[in-house]
Amino acid sequence: MWEAVRESSIGQIVRLVFRRPDLFPYPEELASFQLPASLSACSSVLLGRKLENELKQHERVSTYAEPSIFSAGTITPSEEKDVEAAVSQTWDDNLQTTPIPDPVIVDWYNASDPMNPRNWSFAKKLFITTQMGLYTFAVYIGSSLYAPSEGPVMVAFGVSFEAAALGIALYVVGYGIGPLLWSPLSEIPAVGRTSIFIMTFFIFVCLALGATTVDSFGGLLALRFLLGFFGSPCLATAGATLDDMFAPWKLPYVLTVWSGSATLGPAFGPIVSGFAVAKMGWRWSGWELFWLAAPIWLLMFATLPETNPETILLRRAARLRKCTGRSDLICETDLKSAHLTTTRQIAIDALIKPWQINALDPVILYTTVYASIRVLYGTYYSFFEAFPLVFTDMYGFNLGQSGLPFLAFVPGLLIAVPGYTIWFRLKAEPVMRREPPPLYGFPESRLLPAVATGAFAPIGLFMFAWTSRPDIHWIVPIIGLMVLFVSIVIAFQCMNFYIARCYPKYSASLFAANTFARSMFAAGSILFSRPMYETLGVGGGVSLLGGLSVLCSCGMVFLYLYGDRLRIRSRFAQSS
């Protein structure tokens, strides 16, 4: 109990404000604490080095004195006493000189160190994973909660449909830009991950309240953009938090469940707010976001610990230096600070390097295009404009009912997640356990589920496009959505895991750039989808997306067959 409070943001703030180590103390701050042998033994090593240096000094003095003695041919008793006095004085001087100690690296005390996130209990890991899921769900649902409010916003502020749709588009743009800043910041040990979560999500909660009470259309759009921007750390860093706690062959399981919360968020938005907006007005969707986000922030503020291993060890080294008075106790981060990466280099790695890799590496370029057009974003967000045209205009659904077809994604998720995890458990995990990092075997083989279900996406899209007619029951296009979603979920998992294993050095920057690209495409699709559907019809517009999905599926097959050859030619990818 007290350990959980100590590790949370509220515990850290209490310790900092009151400057009382005895409030929620760490083991190093207890009187009963004993320095581990790996650290305490180093003092004897330093002493041995000190004596060795003194003996060498002694030998040099003796060597210096001997030639003058032998040059005289004989040595008198008085000269012998003078030599002994000189040697004795030199020895005393050396003993009084304290050499600069070599650094002693502070690491985990042992393989089962309870401070190591990999050693936390399953219950604790599950609790933190649940928090990340709730946090991500709240941010993602915030994009689509606004969708039913577009019509009332048009009436309230006297703006066009395209202008009202900017409320969703700018939110998506915000959480596309945010990871370019938050992702590199979260990797700085002095900052950590949890502090970014808590500060940005607190701002998110305040902005949600502001977007609910704003009285100008320009202010509403600005607040919607800022909501997405300050909510984006869940995209940039939540996956890294899970990676801190789970072994590489266990991580895909939790990432699959966590990403499920991300994909369900936008689907649930119109369902949650549709009936409320129809009855209470457009501001009600903002109140719902505030009511959802505020309790989640309080839970995280009170219980979410820091998970970045470098941050934990940095703080441990500082406590040990304070408790022992030994300045030689440092962590690897302190050593790296001597070669600290400049702000310019951080900016290059975050903003330029990913696009350089996209331009020079066809695999990464393909995954970026694939994610933008097909996986979740471009296709997914276009349905926010297609559904009113289909289910309201064709089938006579009211504002609240028009969001219910998004429930088709739930059975799709319930099929995709167990199917993928069963395959991973039987086929991928045994290989990863016996193969060395970072590839853990043949990474292209882990694209097999995406290849096997690749045809589901165009089938689902064409099914929705060609059956969305008043003379065909509305359940048929909804079944098409379910089939589509199975492919989306599985492809998303396979592609992200492939990038992480094949490009370990650049994966964080690549994921941030990938998020930016697909968010920009999604924002554009929100704005061009309605004119496209009005011009081509729903059948024609969705069929166009289906045709693009066929090309994406062919690219996945090509990557599965020839990805290893492309990796060998790439100067960025891990080839062995």
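**A few points about helix α11 (residues 233–245)**
In step 1: Counted at 1.5 Å a residue, the expected span for α11 with its 13 residues is 18 Å, and the 18 Å between its end C-alpha atoms agrees.
In step 2: By the burial criterion, the buried members of α11 are Pro233, Cys234, Leu235, Ala236, Thr237, Ala238, Gly239, Ala240, Thr241, Leu242, Asp244 and Met245.

**With respect to empty space enclosed by the protein**
In step 1: Under the counting rule described, the total for this entry stands at five cavities of 30 Å³ or more.
In step 2: Here the largest cavity is characterised by a volume of approximately 110 Å³.
In step 3: In terms of lining, the largest cavity is formed by 13 residues, of which the most central are Tyr146, Ala211, Arg224, Ser285 and Gly286.
In step 4: Considered class by class, the residues forming the lining of the largest cavity number eight nonpolar, three polar and two charged.
In step 5: Of the pockets and cavities examined, the second largest cavity occupies roughly 50 Å³.
In step 6: Lining the second largest cavity, in full, are Glu7, Tyr26, Met115, Glu306, Ile312, Arg315 and Arg319.
In step 7: A per-element tally of the lining of the second largest cavity places helix α14 (residues 309–324) first, with three residues.

**A short note on the side chain of Thr307**
In step 1: Tracing the sequence through the fold places Thr307 in the loop between α13 (283–303) and α14.
In step 2: A polar contact of 2.9 Å, which involves the side chain of Thr307, links it to the side chain of Asp244.
In step 3: If we ignore the near neighbours within four places in the chain, the residues touching Thr307 are Pro117, Trp120, Arg193, Thr194, Thr241, Asp244 and Ile312.

**Some words on the nonpolar core**
In step 1: Core analysis: the biggest nonpolar cluster contains 129 residues, and Met132, Tyr135, Phe201, Met300, Tyr381 and Phe464 have the highest contact counts within it.
In step 2: The element contributing the most residues to this core is helix α22 (residues 475–502), with 15 residues.
In step 3: In this structure, Met132 is in contact with Phe197, Ala238, Thr241, Leu242, Trp258, Met300 and Leu304, ignoring residues within four places of it in sequence.
In step 4: Val104, Leu313, Leu320 and Cys331 belong to the second largest nonpolar core, which has 10 residues in total.

**Quick look at the packing of helix α7 (residues 161–177) against helix α8 (residues 179–186)**
In step 1: Remark: α7 packs on α8, axes separated minimally by 5 Å, with the N-to-C direction vectors making an angle of 30 degrees. Accordingly, the angle class assigned to the pair α7 and α8 is roughly parallel. Counting all contacts with α7, which are made through Tyr175, Gly176 and Ile177, the residues of α8 involved are Pro179, Leu180 and Leu181.
In step 2: Here the residues of the contact of α7 with α8 sort into five nonpolar, one polar and no charged.

**Considering the pattern of salt bridges**
In step 1: Scanning the entire structure with this criterion turns up 15 salt bridges.
In step 2: Taking the shortest distance from any N to any O, the salt bridge between Glu28 and Arg319 comes out at 3.3 Å. Taken together, the positions of Glu28 in the loop between α2 (9–18) and α3 (37–71) and Arg319 in helix α14 put the pair 291 residues apart, joining distant regions of the chain.
In step 3: A residue is classified by how much of its surface remains accessible, and Glu28, at 4% relative accessible area, is buried.
In step 4: Given a relative accessible area of 10%, Arg319 falls into the buried group.
In step 5: A salt bridge links Asp328 to Arg326, with the nearest nitrogen and oxygen atoms 2.8 Å apart.
In step 6: On the basis of relative accessibility, which here comes to 8%, the residue Asp328 falls in the buried class.

So, how was this worked out
Residues numbered from 1 in each chain as written. Predicted model: local features only at pLDDT ≥ 70, side-chain atom pairs only at ≥ 80, totals over all residues. Heavy atoms only, no water. Helix = DSSP H or I, 4+ residues; strand = E, 2+ residues; numbered from the N terminus. Expected span 1.5 Å × (residues − 1). Buried < 20%, exposed > 50% of the residue type's maximum accessible area, 1.4 Å probe, protein only. 1 Å grid on protein atoms, 1.4 Å probe; cavity = no way out; pocket = protein on both sides within 12 Å on 5 of 7 lines; lining within 4 Å. Points joined across faces, edges and corners; volume = space filled by probe spheres on them. Nonpolar A, V, L, I, M, F, W, Y, C, P; charged D, E, K, R; others polar. Polar contact = N/O pair within 3.5 Å; in protein donor to acceptor, adjacent residues only side chain to side chain. Contact = heavy atoms within 4.5 Å. Core = buried A, V, L, I, M, F, W, Y, C linked by side-chain atoms within 4.5 Å. Axes fitted to C-alpha atoms, helices over the stretch in contact; angles between N-to-C directions. Parallel < 35°, antiparallel > 145°, perpendicular 65-115°, else oblique. Salt bridge = Lys/Arg side-chain N within 4 Å of Asp/Glu carboxyl O.

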